[in-house]
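As a plain string of letters, each chain reads:
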Amino acid sequence: MLDSQILIFMEPKTYFVRTYGCQMNELDTEIMAGQLEKRGLTASPTEEEADILIFNTCSIRDLAERKVMGKLGRMGRGQKKNTVIGVTGCMAMAKKDSLFRKFPHLDFVIGTNNITDLGAVIDEVLYTKKQIFKTDDRFEENLDYLVAKRNDKVKAHVSIIRGCDKYCTYCVVPYTRGEEVSRPPESIVEECRRLVDQGYKELTLVGQNVNSYGKDKPEWNCLFHDLLYQLDKIPGMERIRFMTSHPIDITVQLMEAIRDLPSLCEFVHFPIQAGSNRILKKMHRIYTKEQYFEKVALLRQLVPNVTLGTDIIVGFPTETEEEFQETLEVMRQIRYSVAFLYAYSQRKGTPAMRWKDDVPDEVKQDRLQRILDLQDEIESEDRLALLGKTFEVLVERQNKDGKLLRGSTRCWRKVIFEGSESLIGTLQQVHFHSCAHQTFIGELLPAKKLNVI
Ligand code: SF4
């Protein structure tokens, strides 16, 4: 909205937040929704009907950014006149007030480090009728996490660290989310304790790089594995996960915690990104393939039933076919249970922008397809090997069809099975008998058969 426009906002009653990107953004959306509900607003069923409409954005991939830009452009023409429209998240940090020039109907821009200021910014918009932006470079640990409005009643995300100091050459996160700021352990323990008391069965600790937790605050004497030991002691804690990790910060103490702590799930997101040492160096990943393999071997020795996930970028500048083949070989050797696979795209503001994006698009797409096919093959083989076995499953919700239940194992395998809705939020034993695409189909075992594996 332009300053010169004569427009009077009604006191807003409803809100809608559209979320793009990672689990950190999902959690930030829950916190913003909680803040808005605290001031008396209710969730609107649609974007069109909302009095406050927020786009919580992501800058990691070009596609995510283009989607928001397209949407904002269309909003200018279609939205009802008194809607307050805001952009938050990584794109807000990257583009700051330049967004106002492109989208004159936009009312506020709030960066990733200023979620606490949402209410004050909305007030300022309402009462000054001006476009307001707040994009501090550093996160101040004054956020009220407990206000978060959670829609899921079984699983919850808990923020433990914000920002990233690793500066991988392709990644905007250190510039959009700033340097690492760990959250005090007492605050995390308190939130987790409350969530467990409310009946949550699975808590995922989130951050751009959770396993460097506490390194920025040596005076706390509490590194990531220390925090995990504290959380595991909370009475009633069933499952803890964490997402995401940098291989360099996966320590022996963390591996031992996965081995020893009953609540800590045996799944580790262990993103290698590329299989060639030259490309890893160019990406500034600060480990070699050999060091990565050593860590994986040690983890598998300590936790034999662990499963691994990864992220991989193909077509990074100057990547040759031989180097891509090295990445395929890593996939064959490690056999990840989950892999997020991408073709490289340039991100403004990153060091990699200095290099020519010289792998042609058709080559990138071809490599992406080949690596997707390989991962499909590996996952299909692994799925067959799990048939006929029984696993502990957290019953999460009803399946989309409304007839079956859906849940996941400690190692993040998804399964659907018949059962009563009353089982949602409980841990059950499920026998895996077949699969459809990536989902297992199972049979709930009655209590008397609980020990049959
Ligand atoms: S570790 Fe690298 S890829 Fe991950 S958020 Fe930090 S800079 Fe980005």
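Hey, could you go over the confidence of the model for the protein chain for me, with residue numbers and the actual values?
Confidence in the prediction for the protein chain averages 91 pLDDT; 95% of positions are at 70 or higher. Contacts for the low-pLDDT stretch residues 449–453, under 50 throughout, to residues beyond four places or in other chains number 4 contacts.

Any chance you could break down the site of the ligand for me, citing the residues and the numbers?
In the region of the ligand, the neighbouring residues are Cys164, Lys166, Tyr167, Cys168, Tyr170, Cys171, Val173, Pro174, Gln208, His246 and Arg285. For the shell around the ligand, a count of residues per class yields 7 nonpolar, 2 polar and 2 charged.

How would you sum up unusual backbone geometry? Please name residues and give values.
Across the junction of Met243 and Thr244, the peptide omega takes the value 5 degrees, indicating a cis bond. Within the element layout of this structure, Thr244 appears in the loop between β11 (239–243) and α9 (252–260). Of note in the backbone geometry, His284 takes a positive phi value of approximately 60 degrees without being a glycine. With respect to the secondary-structure elements, His284 resides in the loop between α10 (277–282) and α11 (289–302). For Arg335, which is not glycine, the phi dihedral falls at a positive 60 degrees.

Break down the packing of helix α12 (residues 321–334) against helix α13 (residues 361–386) for me, with residues and values.
In the contact formed by α12 and α13, the axes pass within 10 Å of each other and the chain directions differ by 15 degrees. Viewed along their axes, α12 and α13 adopt a mutual orientation that is roughly parallel. Seen along the crossing, α12 lies across α13 with a hand that is right-handed. Taken together, the residues of α13 that come into contact with α12 (itself represented by Glu321, Phe324, Gln325, Thr327, Leu328, Met331 and Arg332) are Arg367, Arg370, Ile371, Leu374, Gln375 and Ile378. Its residues placed into classes, the contact of α12 with α13 shows 6 nonpolar, 3 polar and 4 charged.

Lay out the packing of aromatic side chains with the relevant residues and their values.
Scanning all chains against the criterion turns up 12 aromatic pairs. A ring pair is formed by Tyr213 and Trp220, whose centres lie 6.4 Å apart and whose planes are at 40 degrees; its orientation type is tilted. Exposure remark for Tyr213: the relative accessible area of 0% places this residue in the buried category. Take Trp220: its relative accessible area is 26%, and that puts it in the partly exposed class. Judged by centre distance (6.3 Å) and plane angle (70 degrees), the ring pair of Tyr292 and Phe293 falls under edge-to-face. According to the relative accessible area criterion, Tyr292 is buried, its value standing at 1%. On the basis of relative accessible area, Phe293 is assigned to the partly exposed category, the value being 24%.

Give a description of the domain arrangement of the protein chain that names residues and reports values.
Looking at the protein chain, the domain boundaries give domain 1 (14–134), domain 2 (145–385) and domain 3 (387–449). One C-alpha centre belongs to domain 1, the other to domain 2; they are set 28 Å apart. Counting from both sides, the interface comprises 27 residues of domain 1 and, opposite them, 22 residues of domain 2. Of all residues in domain 1, Gln23, Met24 and Arg61 bury the most surface against domain 2, accounting for 28% of the area lost on that side.

I'd like a description of the sheet that holds strand β18 (residues 427–436), backed by residues and values.
Around the barrel, 5 strands lie side by side as β15-β16-β17-β19-β18; this closed barrel has mixed pairing. Averaged over all adjacent pairs, the angle separating strand axes in this sheet is 50 degrees, with direction ignored. Examined bridge by bridge, strand β15 (residues 390–398) and strand β16 (residues 405–409) share 5 bridges and lie antiparallel to one another. Among the inter-strand pairings, Leu394 is bridged to a residue of β16, identified as Ser408.

Help me get a handle on the sheet that holds strand β7 (residues 155–159), residues and values and all.
If you trace the 3 strands from one edge of the open sheet to the other, you get β7-β10-β11, paired in parallel fashion. Edge positions in the sheet fall to β7 and β11, since each has one partner strand and no second. Across the sheet, the mean angle from the axis of one strand to that of its neighbour is 25 degrees, orientation sign disregarded. Direction of pairing for β7 relative to strand β10 (residues 202–206): parallel, over a ladder of 5 bridges. Paired with Val158 across the bridge in β10 is Leu205. Most of the contacts of helix α8 (residues 224–232) go to β11, to which it runs at about 155 degrees, and overall it touches β10 and β11.

Please set out the side chain of Thr29 residue by residue, giving values where relevant.
Inspection of the secondary structure assignment puts Thr29 in helix α1 (residues 23–38). Excluding its chain neighbours within four sequence positions, the residues that come into contact with Thr29 are Val17, Thr19 and Asn56.

If you had to explain α8 to someone new, which residues and values would you point to?
Those residues of α8 that sit buried are Phe224, His225, Leu227, Leu228, Leu231 and Asp232. Axial view of α8: buried residues confined to an arc of 155 degrees, hence all on one face. Looking at the buried positions of α8, the neighbouring elements they touch are α7 (185–197), β10, β11 and α9.

The rules behind the values
- Residues numbered from 1 in each chain as written.
- Predicted model: local features only at pLDDT ≥ 70, side-chain atom pairs only at ≥ 80, totals over all residues.
- Heavy atoms only, no water.
- pLDDT = per-residue confidence, 0-100.
- Contact = heavy atoms within 4.5 Å.
- Near = heavy atom within 4 Å.
- Nonpolar A, V, L, I, M, F, W, Y, C, P; charged D, E, K, R; others polar.
- Helix = DSSP H or I, 4+ residues; strand = E, 2+ residues; numbered from the N terminus.
- Axes fitted to C-alpha atoms, helices over the stretch in contact; angles between N-to-C directions.
- Parallel < 35°, antiparallel > 145°, perpendicular 65-115°, else oblique.
- Left-handed = near helix turned anticlockwise from the far one by under 90°.
- Phe/Tyr/Trp six-rings, centres within 6.5 Å; stacked < 30°, edge-to-face > 60°.
- Buried < 20%, exposed > 50% of the residue type's maximum accessible area, 1.4 Å probe, protein only.
- Domains from an automatic or database assignment.
- Buried area = accessible area lost by both parts, 1.4 Å probe.
- Pairing = 2+ DSSP bridges.
- Arc of directions from axis to C-beta.

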